Amino acid sequence: MLNHYQQKGWVHLKNVLLPRDIVALKYHGGMVVDEYLKDDPVWRGVGCAAKKSKPLWNFYTSPFMYDIVTELLETKTPWLFNDQLVWKHPKDGMIFRPHTDNSIERDEPITDHTINCLVILDDVDKSNGGLEVMNKDDGHVVSPKLKAGDIICINGNTEHASGHNLSDKLRSTYACVYADNNINDNRFYQTRFYDERKESETNAKGWYLEAKR
């Protein structure tokens, strides 16, 4: 896993979620999205979504995600950064042009190591926007075949893109983003990601602090 990530700038983890995890994330994520759309009918996605949902926070800060993140970030003291519900509704016009997460909508790019663990909740194909990723080593643009239950982990400096959802069905993904340091951006989380199996601090405490901030 780490070797592919270091070489290509991304790695595809296949069939790592249980069916019940997929159902739960779509249900709780959908509740947050529906609440958002009551106030703003123009859909732009929901950032720091777990502030609004304890079940999402529990997944975002789970030991399962901790083990993935610490191996790829190569640190035992990762930081929470952002989690975003990327719900592409049929023909809603949402696209992501080629970009890197460390530089999008920023005057100065992030220099710390960040990683976007994109949790796939619906099968992804060309009809619902696909996903293209540029290899770090050879510059080739590839389109991994992503299925519900997969996670694709993308380095913050890796260029990627996705197109319009032209299908008649929802395409939902959950972007769980972490860093090897505190990014110190007030728009996002500023909380350590703890291994509750070994550390005395709890991630539940972080949820209450972030929800108030």
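Structure: see above.
What comes next concerns the included structure.

Thresholds, definitions, all that
- Residues numbered from 1 in each chain as written.
- Predicted model: local features only at pLDDT ≥ 70, side-chain atom pairs only at ≥ 80, totals over all residues.
- Heavy atoms only, no water.
- Buried < 20%, exposed > 50% of the residue type's maximum accessible area, 1.4 Å probe, protein only.
- Helix = DSSP H or I, 4+ residues; strand = E, 2+ residues; numbered from the N terminus.
- Pairing = 2+ DSSP bridges.
- Contact = heavy atoms within 4.5 Å.
- Phe/Tyr/Trp six-rings, centres within 6.5 Å; stacked < 30°, edge-to-face > 60°.
- Salt bridge = Lys/Arg side-chain N within 4 Å of Asp/Glu carboxyl O.

Burial analysis of strand 2 (residues 79–88) places eight of its ten residues in the buried class, which makes it a mostly covered element. In this sheet, strand 9 (residues 171–179) lies alongside strand 2 in antiparallel orientation, the contact comprising nine bridges. Bridging across to strand 9, W87 finds its partner in S172.

Here we take up helix 4 (residues 63–73). Buried within helix 4 are the following residues: M65, Y66, I68, V69, T70, L72 and L73. For helix 4, the elements touching its buried residues are helix 1 (2–8), strand 1 (10–13), helix 3 (54–60), strand 4 (114–120), strand 7 (151–155) and strand 9. Among the residues trailing helix 4, E74 stands out with phi positive, at a value near 60°.

Scanning all chains against the criterion turns up nine aromatic pairs. Judged by centre distance (6.2 Å) and plane angle (45°), the rings of F59 and Y174 are tilted. On the criterion of sequence distance, the pair formed by F59 in helix 3 and Y174 in strand 9 is long-range, its members being 115 residues apart. Take F59: its relative accessible area is 11%, and that puts it in the buried class. For Y174, a relative accessible area of 1% translates into the label buried. Ring geometry for Y60 versus Y178: centroids 4.9 Å apart, planes at 25°, classification stacked. Remark: Y178 occurs in strand 9 and Y60 occurs in helix 3; sequence separation between them is 118 residues. For Y60, a relative accessible area of 0% gives the class buried. Cluster of aromatic residues (ring-pair linked, three or more members): W57, Y60, Y66, Y178, Y189 and F193.

Here we come to the sheet that holds strand 5 (residues 132–134). Taken in spatial order, the four strands line up as 3-8-5-6 in an open sheet, and their pairing is antiparallel. Strand pairing shows two members of the sheet lacking a second neighbour, strand 3 (96–99) and strand 6 (141–142), which therefore form its edges. With two bridges joining them, strand 3 and strand 8 (residues 160–162) adopt antiparallel strand pairing. Among the inter-strand pairings, F96 is bridged to a residue of strand 8, identified as S162.

The final tally for this structure, using the stated rule, is eleven salt bridges. A salt bridge links K8 to D138, with the shortest nitrogen-to-oxygen separation between them at 3.9 Å. Placement of the pair is K8 in helix 1 and D138 in the loop between strand 5 and strand 6, with a sequence separation of 130 residues. Residue K8 is classed as buried on the basis of its relative accessible area of 16%. Residue D138 is classed as partly exposed on the basis of its relative accessible area of 36%. Where E199 meets R192, a salt bridge forms, and the shortest distance between an N and an O atom there is 3.0 Å. By relative accessible area, R192 is classed as buried at 14%. In this structure, a network of salt bridges that share partners links the residues K8, D137 and D138.

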